[in-house]
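Read off the chains here:
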Amino acid sequence: MQIADFALERFFARWEFAVRHLLCASDVEAWPMADLLALADEPTRARWDGLCLGYTESPGDPQLRAEIATLYDTLAADDTLVFSGAEEAIFCLLTVLLGPGDHAIVAWPGYQSLYEVARAAGAEVTLHELHEGDGWSLDVERLVAAIRPSTRAVVVNAPHNPTGMLPTAAEWRALGEACRDAGVRLVADEVYRFLEHGGRAPLPAGADLDPVFVSVGVLSKSFALAGLRIGWLASRDRDLLRRCAALKDYTTICAAAPSEILGLVALRSRDAVLARSRAIVAPNLERFDAFLAERPGFASWVRPAGGSVGFPRLAAGLDADRFVADLVEAEGVLLMPGSAFGHPGNHVRVGLGRTDLPIALERLAAFLDGRGIG
Ligand SMILES: Cc1ncc(COP(=O)(O)O)c(C=O)c1O
């Protein structure tokens, strides 16, 4: 299989565990395991205490799948398939869905595997470009106009990495209807679902909009448990899930036993888990917004509508790659240049999910002051 390097992951491979302040992470500050276990109800605690570290059921633990299904309005446990992270779910799904002669439309800039795996599967990919001047919004009409007879999938991540874009429910339903009318499958990457800002309700899940649409979910982001590596596909198209499960036999076979039980704890305590994440992200969003307002000579942004990241544009004259390199060297604070998304603009990704964001902003302020920026 020929596949291009995953630029963002290569960037993180160099920096993620070498810097003092990760001001570009997309996950939320992870739960300490003891705190998570303290939330376990009695039966789940008993499963944890008695856990044997053998192989697990390939489609996923039945109780875990049942909990995942309750995140959707129309799904049963058998409409879910557990993977090792959303990344494996995306890999298996797009590999199964697409092949030579097929066409896919993928929102861009975005998480690279959403279009790179499609290309590696042999499909032709049209990138649906989001523009800052339009508030990074999804242009449903333009996207639908790109559908061809050979289009097999429209792939949209919302809330969106890296821009924080979140379509309105009306736009989202309109996209779903257009895909259904054209006989095209909507793949909704919803890994940042439940982190909508300003009290906005989550969008209807893709998998609830139509029996053949697919939702991608994970415990890494909104649920703040990236280390579990528990992700899933959700769809009422059980034949599709069966084909994805058959490919998973060649990747991980099954999820890690401790992760499944800890994931079960988290989903059974979802109100507390999600409340904690929102209590980290919401004040950080305000802090970063205020920081930008005070320093217009540094950067400006389209304020994210959801998720745990944003994509500010540096002021004219500041080069994103250079700026990121100088900042990390001087202050140990890591931003992510737009080039990690293959984006030619002067943007950087900022992460809003880490509790050290106030300190990182202090270091960033010192850096800007030292250079007379802002
Ligand atoms: C949009 C999107 N989808 C999928 C993933 C993959 O999630 P995970 O690394 O937990 O598998 C990410 C991670 O950053 C993401 O941003």
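Scroll up a little and you will see the structure.
Overview of the structure.

Rules and cut-offs
Residues numbered from 1 in each chain as written. Predicted model: local features only at pLDDT ≥ 70, side-chain atom pairs only at ≥ 80, totals over all residues. Heavy atoms only, no water. 1 Å grid on protein atoms, 1.4 Å probe; cavity = no way out; pocket = protein on both sides within 12 Å on 5 of 7 lines; lining within 4 Å. Points joined across faces, edges and corners; volume = space filled by probe spheres on them. Nonpolar A, V, L, I, M, F, W, Y, C, P; charged D, E, K, R; others polar. Near = heavy atom within 4 Å. Polar contact = N/O pair within 3.5 Å; in protein donor to acceptor, adjacent residues only side chain to side chain. Areas by Shrake-Rupley, 256 points an atom, 1.4 Å probe, with all protein chains shown as cover. Sits in = over half its atoms within 2 Å of the grid points. Helix = DSSP H or I, 4+ residues; strand = E, 2+ residues; numbered from the N terminus. Pairing = 2+ DSSP bridges.

**Describing empty space enclosed by the protein**
Scanning all chains against the criterion turns up two cavities of 30 Å³ or more. Of the voids in this model, the largest cavity is the one considered here, and its volume is about 80 Å³. Looking at the lining of the largest cavity, its residues break down into seven nonpolar, two polar and two charged. The volume enclosed by the second largest cavity comes to roughly 40 Å³.

**Structural notes on the site of the ligand**
Close to the ligand lie 15 residues; Asn161, Asp189, Tyr192, Ser220 and Lys221 are nearest. Side-chain polar atom of Asp189 to a nitrogen atom of the ligand: 2.5 Å apart, as the coordinates give it. A distance of 2.7 Å is found between an oxygen atom of the ligand and a side-chain nitrogen or oxygen belonging to Tyr192. About the coverage of the ligand: the protein hides 93% of its 390 Å² of free accessible area. Spatially, the ligand is embedded in the largest pocket. The element best represented in the shell around the ligand is helix H5 (residues 85-97), accounting for four residues. Residues belonging to the shell around the ligand are distributed by class as follows: six nonpolar, five polar and four charged.

**Side note on the sheet that holds strand E14 (residues 348-351)**
Reading across from one edge, E10-E14-E13 is the order of the three strands in this open sheet, with antiparallel pairing throughout. This sheet does not close on itself; its edge strands, each paired only once, are strand E10 (309-310) and strand E13 (336-337). Looking at chain direction, E10 and E14 are connected through two bridges and run antiparallel. Considered in E14, the bridge of Gly310 is made with Val350.

**Remarks on unusual backbone geometry**
A cis geometry characterises the amide bond from Trp108 onward to Pro109, with omega recorded as 5 degrees. Here Pro109 is to be found in the loop between strand E3 (103-108) and helix H6 (113-120). Residue Pro162 is reached from Asn161 by a cis peptide bond, and omega for that bond is 15 degrees. In this structure, Phe194 takes a positive phi of about 85 degrees despite not being glycine. Note that Phe194 resides in the loop between strand E6 (185-189) and helix H9 (206-209). Phi is positive for Arg229, which is not a glycine, with a value near 55 degrees.

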